[in-house]
Amino acid sequence: MTASAFGRGFLPGPVDVRPEIAQAALGPMLSPWSEAGAALFSGLQAPLRELFRTASPVMLAASSATGMIEAAVRNGVLRRVLVPSNGFFGEWLAGVAEACGREVSRLEAPPGRAIDPDALARALDSRSADAVALVHSETSTGVLNPLPELARVVRERSDALLLVDAVTSLGALPVETDAWGLDFVLTGSQKALALPPGLALAAASERMLARAATLAARGWYFDLLKYAQAARTDRPTQTPAVSLIYALQRQLARTTGAGGVAARWSRHRELLATLERWVATRDGVALLAAPGERSWAVSALTFESGVDVWSVVREMHRRGWRLTGGLGALADRVLRVGHMGDLEPVHLEAMLADLGELV
């Protein structure tokens, strides 16, 4: 991507990568078990722990985030998992658990609405589950689930582990792994971290690692005990995606530099506010997510009848902008706008000026 192309991508992932971050990935190949490899990995843990807001080691896997979703299930679910779901990726999570042979109990909310903590409390009171797995920022609808309140319900009503898909939230808005009592938090490199796809990152509590130690069939590639040990000793579990690690190293220096992670959160909140202000000026355009339940990283726009979402996507692409429609049942009903990563409000304002000519 050239410097002029940056700021044109508003997909919900993969997001635009700054040219200097992409350039960093061109570093020399090295043995991860050499002194140079150890030096590369040794500088990652402190900024990663700041990003995840945890004292636990942060694990890196050469996979999509879905790999760490499978790791969450195989290492954290004994038999039955309760999945609060309000969109495509909530159901995705449930499907991964079922494919891993676990029993899944769903707690559903309509697309566009957040999971209700009271409903979760009632579900935990009436159903047996040794883990709760949920999506924080539902990428298909732009809904932000109230994770602090949901986590408190899980802690107060059960001894279940809490497994969190933070794919479009971590790095874009507060995810307090330790303070909220989250047992497993995962994300992917290609979302709010604004890196190329191919890295999955996760943090596990001591409760999660203790649970993993009791499960003989947790697999090999995604054995969290191996990942935790590797993170503690600045070594990978197997050959790592060295190029992506270079890019991660460069991005972490930016992300946790001046202003720290909080400055990144603030910018994402302003991106959402910019979009909200624009929607308020448009007749026939609305946000699917209700006020107070909106992700700072991604939004789903709805339109009055007569707007062909995919025609809008194609025309915006012709003008140099990258957007996409919905998923599943919402495929033709919403236009999804990813406003995360290293984008600035000025980029979003420029895109919305063109979009405003079409809707």
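Below is a short write-up of the structure. (Residues numbered from 1 in each chain as written. Predicted model: local features only at pLDDT ≥ 70, side-chain atom pairs only at ≥ 80, totals over all residues. Heavy atoms only, no water.)

Some points on the overall build of the protein chain
Phase 1: What the protein chain contains, in helices and strands, is 13 helices and 13 strands.
Phase 2: On the principal axes, the C-alpha backbone points of the protein chain span a range of 55 × 55 × 35 Å.
Phase 3: Scored against the burial criterion, the 359 residues of the protein chain give a buried share of 59%.
Phase 4: Counted over contacts in the protein chain with a minimum sequence separation of 6, partners at least 24 positions apart contribute 71%.
Phase 5: Of the roughly 13800 Å² of accessible surface on the protein chain, a fraction of 53% belongs to carbon and sulfur atoms.
Phase 6: Taken as two groups, the 36 positive and 37 negative side-chain charges of the protein chain have centres that lie 2 Å from each other. (Helix = DSSP H or I, 4+ residues; strand = E, 2+ residues; numbered from the N terminus. Buried < 20%, exposed > 50% of the residue type's maximum accessible area, 1.4 Å probe, protein only. Contact = heavy atoms within 4.5 Å. Areas by Shrake-Rupley, 256 points an atom, 1.4 Å probe, with all protein chains shown as cover. Lys, Arg positive; Asp, Glu negative; His and termini not counted. Charge placed at Lys NZ, Arg CZ, Asp CG, Glu CD.)

Details of the packing of helix 6 (residues 117–126) against helix 7 (residues 147–157)
Phase 1: One way to put it is that helix 6 packs onto helix 7 with a least axis distance of 9 Å and a crossing angle of 25°. Between helix 6 and helix 7, the crossing angle belongs to the class labelled roughly parallel. Considering the relative orientation of helix 6 and helix 7, their crossing is right-handed. Along the contact surface, helix 6 presents Pro117, Leu120, Ala121, Leu124 and Asp125, while helix 7 presents Glu149, Leu150, Val153, Val154 and Arg157.
Phase 2: Partitioning the contact of helix 6 with helix 7 into residue classes produces 7 nonpolar, no polar and 3 charged. (Axes fitted to C-alpha atoms, helices over the stretch in contact; angles between N-to-C directions. Parallel < 35°, antiparallel > 145°, perpendicular 65-115°, else oblique. Left-handed = near helix turned anticlockwise from the far one by under 90°. Nonpolar A, V, L, I, M, F, W, Y, C, P; charged D, E, K, R; others polar.)

Concerning the pattern of salt bridges
Phase 1: All told, the structure shown has 26 salt bridges when counted by the stated rule.
Phase 2: Between Arg157 and Asp125 there is a salt bridge, and its shortest N-O distance comes to 2.5 Å. Here the residue Arg157 occupies a position in helix 7, and Asp125 occupies one in helix 6, the gap between them amounting to 32 residues.
Phase 3: Between Arg294 and Glu276 there is a salt bridge, with the nearest N and O atoms lying 3.0 Å from each other. Taken together, the residues span a long stretch of sequence, with Arg294 in the loop between strand 10 (285–287) and strand 11 (298–303) and Glu276 in helix 11 (residues 260–280) at a distance of 18 residues.
Phase 4: Linked through salt bridges whose partners overlap, the residues forming this network are Arg254, Arg264, Arg267, Asp342 and Glu344. (Salt bridge = Lys/Arg side-chain N within 4 Å of Asp/Glu carboxyl O.)

Description of the sheet that holds strand 12 (residues 324–325)
Sheet strands line up and pair through hydrogen bonds in the backbone, either parallel or antiparallel.
Phase 1: The antiparallel open sheet is built from 4 strands, whose spatial order is 10-11-13-12. Each edge of the sheet is formed by a strand with only one pairing partner; in this case those strands are strand 10 and strand 12. (Pairing = 2+ DSSP bridges.)

What about the sheet that holds strand 7 (residues 161–165)?
Phase 1: The strand order across the open sheet built from 7 strands is 1-9-8-7-4-2-3, with neighbouring strands paired in mixed fashion. Across the chains shown, the open sheet's two edge strands, defined by having one partner strand only, are strand 1 (58–62) and strand 3 (103–108). For this sheet, the mean angle separating the axes of adjacent strands, direction not counted, is 20°.
Phase 2: Pairing geometry for strand 7 and strand 8 (residues 184–188), over 3 bridges, is parallel. By the bridge assignment, Val164 is partnered in strand 8 with Val185.
Phase 3: Sitting on the sheet, helix 6 is in contact with strand 2 (80–85), strand 3 and strand 4 (131–135), with an inclination near 160° to strand 2.

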